[in-house]
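Descriptive structure summary
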Amino acid sequence: MISQIDKYIGKLSNQGLCLPDDATMLFLDADISANRPQSECNPELMRIFDHMNINSLLFGRPAEPYWTIINAMMKYEKSVDQLGRIMPQDCETKTFFHDIPIINTFSAAAIADALSHRKSVIIRGHGIASWGSVSPEQAFVSFSSTCFAMFVKFFNDMLRIFCDERNPDESVAKLLNSILNKLKIIQPDFKQAQLHHGAAASHIEALGMIAEAGRAVVNHRLVDSFFGNISYLLDNSIYISQTGSSLDELERCIDAVPMDGSSSAGITASSELSAHKNIYLSSNSRCVLHGHPRFSVIMSMRSNATEPECRLMGIPVVSGDIGTGSKGIMHTVPPAVHECGCTVVQGHGVFACGKADFNEPLSRMLEFEKVCFYECLSTLRSSCPASLTKFLPNLYN
Ligand SMILES: [Zn+2]
């Protein structure tokens, strides 16, 4: 189990979520294993296993800019004191987490109490704790999703304060500037990786292309957590990443689902399979990439997807619930993708397609994330009162 623990400690570090020295991952089997000697683990963390029926626990102080964002939110967000929780605003975290509880004491009982209802908890002044009952992977995913949700909420709050309420003060301007300073660490690399060129000649090649594209979206930091999926159409079958699979390790996590519905393999396939299928039925696309790039999500939340022809930087914005209901993305996404090759689901993420290989959708997703990042900065800049510009040099260079 030590190798599993080391793997997720490595992922936390590689994805800029938490430095190895600031993370403690515990796994309970016959005994407790950890990424450090037990004498160096906080005994309160080990006692959580007495309160909960879980086998994995992750506690860590998030890396920057997340830690500054979370600490700032503890002060400015009214729901922290009023309700003892933070309400995420992006669609996936809202669907799967509901809310993120905040506690003030670092004790096994308080942490276990919060975690018995939710996937993660913020312990004020200390960090984030999350758990798994099957594997350490669950704890890692919940930690990552919590960081993502806080990031999206923070920029949404800044856009609201600067552009809608128009009442930022000096402290907000300085806070935003310090976050922009720290952003470079986790910004996507906009210089595109070159992927396999041309259509897949065999299903083995298609599987390799999907795995390669999955690693690319993670390496480009276009997905923070596991939310996202990838598919390729070959010989009337959709090869698609399994639900909940890690996009940088797809090699053995791809299902083949016949387009005619003649197999039940779709059970483990992504919950967004129906959206992929309808894209293939309504266009001549061969591959689909879906991810949750942060600034695409942030800026889409300021659009009104119920308006006809709603666009963000030229790309259609659609609404759409997760799942297969009448208002689900399986109905809203395909016509928009068919038209533009790319669409953003409001508050959720981007779907991009290509006619032969993943270079085309990857470039669409990267380009859209880039324009959304610069659009976010310019929206904030144009709403910044002249008296505050000196506190925000990062917005102006
Ligand atoms: Zn999604």
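Each chain has its residues counted from 1, running along the sequence as written. A pLDDT threshold of at least 70 governs which residues receive local features in this predicted model, and a stricter bar of 80 or more applies before side-chain atom pairs are shown or counted, although totals over entire chains, interfaces and linings include all residues.

For the rest of this paragraph, the subject is the overall build of the chain. In terms of helices and strands, the chain carries 14 helices and 15 strands. This radius of gyration counts C-alpha atoms alone. The globule rule is 2.2 Å times how many residues there are, raised to the power 0.38. A compact globule built from 397 residues should have a C-alpha radius of gyration of about 21 Å, and the chain, at 21 Å, falls within 12% of that. Once the C-alpha set of the chain is aligned to its principal axes, its extents read approximately 60 × 55 × 40 Å. Looking at the chain as a whole, 46% of its 397 residues qualify as buried. C-beta atoms are first placed from the backbone for all residues, and any pair lying within 7 Å is then listed as a contact. If you take every contact in the chain between residues at least 6 apart in sequence, the share linking residues at least 24 apart comes to 62%. Numbering of helices and strands starts at the N terminus; helices are DSSP runs of H or I of at least 4 residues and strands are runs of E of at least 2. The exposure scheme places C-beta atoms from the backbone and then counts, for each residue, the other C-beta atoms within 10 Å of its own, assigning buried at 20 or more, exposed at 12 or fewer, and partly exposed in between.

With that settled, consider the environment of Asp 260. Relative to the helices and strands, Asp 260 is located in the loop between strand E10 (254-258) and helix H10 (273-282). In this structure, the C-alpha to C-alpha distance between Asp 260 and Asn 236, residues 24 residues apart in sequence, is 7.9 Å.

It is worth spelling out the domain arrangement of the chain at this point. Under the domain assignment used here, the chain contains domain 1 (2-146) and domain 2 (203-369). Between domain 1 and domain 2, the residue contacts involve 8 residues of the former and 10 residues of the latter. Elements with a contribution of two residues or more to the side of domain 1 that touches domain 2: helix H5 (91-97) and helix H7 (136-164). Polar here means any residue other than Ala, Val, Leu, Ile, Met, Phe, Trp, Tyr, Cys and Pro, which are nonpolar, and Asp, Glu, Lys and Arg, which are charged; Gly is therefore polar. Its residues assigned to classes, the side of domain 1 that touches domain 2 comprises 2 nonpolar, 4 polar and 2 charged. Here the limits of each domain have been adopted from an automatic or database domain assignment.

For the rest of this paragraph, the subject is the sheet that holds strand E2 (residues 32-34). Reading across from one edge, E2-E1-E3-E7-E6-E5-E4 is the order of the 7 strands in this open sheet, with mixed pairing throughout. Looking at the sheet topology across the chains shown, the edges are occupied by E2 and strand E4 (85-86). Strands are treated as partners if at least two bridges between them are detected by DSSP. Bridge count for strand E6 (residues 120-123) against strand E7 (residues 127-132) is 4 bridges, and the pairing is antiparallel. In the strand pairing of E7, Val 121 is matched with Ala 129. Note on geometry: axes are lines fitted to C-alpha atoms, helical ones only across the stretch in contact, with angles between N-to-C directions running from 0 to 180 degrees. Lying over the sheet, helix H2 (residues 43-51) contacts strand E1 (23-28), E2 and strand E3 (56-60), oriented at roughly 35° with respect to E1.

Time to look at the nonpolar core. The nonpolar side chains of soluble globular proteins are, as a tendency, buried together. Membership of the largest hydrophobic core comes to 114 residues, with the highest contact counts inside it found for Leu 57, Ile 210 and Leu 289. Tallying contributions element by element places H7 first for this core, with 14 residues. Two domains each provide a minimum of three residues to this core, namely domain 1 (2-146) and domain 2 (203-369). For this entry, the nonpolar core is defined as buried Ala, Val, Leu, Ile, Met, Phe, Trp, Tyr and Cys residues connected by C-beta atoms within 7 Å.

Moving on to the pairing of E7. By the criterion of burial, E7 is predominantly enclosed, with 6 of the 6 residues buried. Pairing analysis gives 5 bridges linking E3 to E7, with the strands arranged antiparallel. What sits directly across from Gly 60, in E7, is Ile 128. Linking E6 back to E7 in an antiparallel pair, the connection comprises 3 residues, with Gly 125 at a positive phi of about 80°.

Turning next to the environment of Leu 380. Mapped onto the elements of the fold, Leu 380 is located in helix H13 (residues 359-383). The sequence separation of Leu 380 and Leu 159 amounts to 221 residues, and the corresponding C-alpha distance is 6.3 Å. If sequence neighbours within four positions are ignored, Leu 380 has contacts with Met 158, Leu 159, Phe 162 and Leu 395.

Moving on, we come to the pairing of E1. Along E1, 5 of the 6 residues are buried, which leaves the element largely enclosed by surrounding structure. Bridge analysis of E1 against E3 gives 5 bridges, and the strand direction is antiparallel. Pairing of Thr 24 across the sheet is with Phe 59, part of E3. Sheet analysis places E1 next to E2, joined by 3 bridges and oriented antiparallel. By the bridge assignment, Phe 27 is partnered in E2 with Ser 33.

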